[in-house]
Amino acid sequence: MDKVTYKKIKVKTALSRSGLYDLDYAYNPYVGCLHGCIYCYARAYTKYDEVSLNWGKIVYIKENILEVLSEEVKKKPRGIVGVSTLTDPYQPIEATEGLTRRGLQILLQSGFRVSVQTKSPLVTRDIDILKNHIPHVDVGFTITTLDPHLAKLIEPNAPPPHQRARALREVSTAGIPTWIFIGPIIRGLNDTRASLEEIVRLAAETSSKVYYDYLHLKPGIRESMMPLLEKFPNMLSPSTTWITTVEDRIRDLCRKYFVECEAAFPKEEKPRQNKITQYL
């Protein structure tokens, strides 16, 4: 794992308006993400050039965000908050800073609904908070593959998939609504029926819903994925036919295992649900 540089910054806002159809707000206590996933397009929406150009190597800590959040929840209309949309809220620095945990407490005690998305088993630390606020919370895990070797190639510093699966089971067992985000699905990497079936089977085991999406080549993504192009020559060339084939494959598997599933970004926006799907 490359060494990461942490810097503390002060912010004027804690809750930003979400651009996702199923969320009202986003709470991002950190800027940047140590996980350094090569497909993550959050870098394209990060306003700090130092972080976006050094994705996975520099992380900003919003040192005053809890004070700002405490004031904002007194004034803002209640709604659904995505934790987080541009960074993993449970990346390693959260273990010491606790900005996600305390942010959850403030939001939930103030009457907001919260949807968490992560790749980290650290979320299990906060089960005590989450289970006391059912049904106003849900937790989603991004699982692109359960193959540890492939995961290491595309998510170099993220917790391995078996740790996420174990954490998912623990959160689900606590009675907290859970879901799995299979995304991005990348041509030639994680699109086989066998790969997808492992994840759908895990969803069935944990009574989790499945959301799925495909690779989006936002600025900077093509460059970050180039080192894998020789091994996976088709990964940057998804086609309509391929997308249709994969979608049929996923839906067939979901029917087989009696799992509810849908596209993360439907062509027609559906009634609001309490979930978020980003490539975190």
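Refer to the preceding data block for the structure.
This section reports on the structure supplied with the text.

Turning next to the sheet that holds strand 10 (residues 209–214). If you trace the 8 strands from one edge of the open sheet to the other, you get 2-3-6-7-8-9-10-11, paired in mixed fashion. Whereas interior strands pair on both sides, the edge strands pair on one side only; in this sheet they are strand 2 (15–17) and strand 11 (261–263). Adjacent strand axes in the sheet meet at a mean angle of 25°, parallel and antiparallel pairs treated alike. Bridge count for strand 2 against strand 3 (residues 25–27) is 3 bridges, and the pairing is antiparallel.

On the secondary structure map, A264 appears in the segment after strand 11. Classification of A264 by relative accessible area gives buried; the value is 0%. Remark: the alpha-carbon pair of A264 and I182, spanning 82 residues in sequence, is separated by 9.1 Å.

Turning to the nonpolar core, a few remarks are in order. Y27, L107, I185 and M225 are the most contacted members of the largest nonpolar core, which has 84 residues in total. If we skip the residues at most four places from it in the chain, L107 touches L15, L69, V73, V81, V83, F112 and V114.

Turning to the pattern of salt bridges, a few remarks are in order. Within the structure shown, the criterion is met by 15 salt bridges. Between E71 and K74 there is a salt bridge, with its nearest N and O atoms 3.2 Å apart. E71 sits in the partly exposed class, given a relative accessible area of 41%. By relative accessible area, K74 is classed as exposed at 61%. For the salt bridge of R101 with D126, the shortest nitrogen-to-oxygen distance reads 2.7 Å. Residue R101 is found in helix 4 (residues 99–109), and its partner D126 is found in the loop between strand 7 (113–118) and helix 5 (127–130); the two are separated by 25 residues along the sequence. Under the relative-accessibility criterion, R101 is labelled partly exposed at 21%. Residue classification places D126 among the buried positions, given a relative accessible area of 0%. Several salt bridges share partner residues, and in doing so they unite E94, R101, R125, D126 and D128 into one network.

What counts, and at which threshold
Residues numbered from 1 in each chain as written. Predicted model: local features only at pLDDT ≥ 70, side-chain atom pairs only at ≥ 80, totals over all residues. Heavy atoms only, no water. Pairing = 2+ DSSP bridges. Helix = DSSP H or I, 4+ residues; strand = E, 2+ residues; numbered from the N terminus. Axes fitted to C-alpha atoms, helices over the stretch in contact; angles between N-to-C directions. Buried < 20%, exposed > 50% of the residue type's maximum accessible area, 1.4 Å probe, protein only. Core = buried A, V, L, I, M, F, W, Y, C linked by side-chain atoms within 4.5 Å. Contact = heavy atoms within 4.5 Å. Salt bridge = Lys/Arg side-chain N within 4 Å of Asp/Glu carboxyl O.

None of this, on its own, says anything about what the molecule does.
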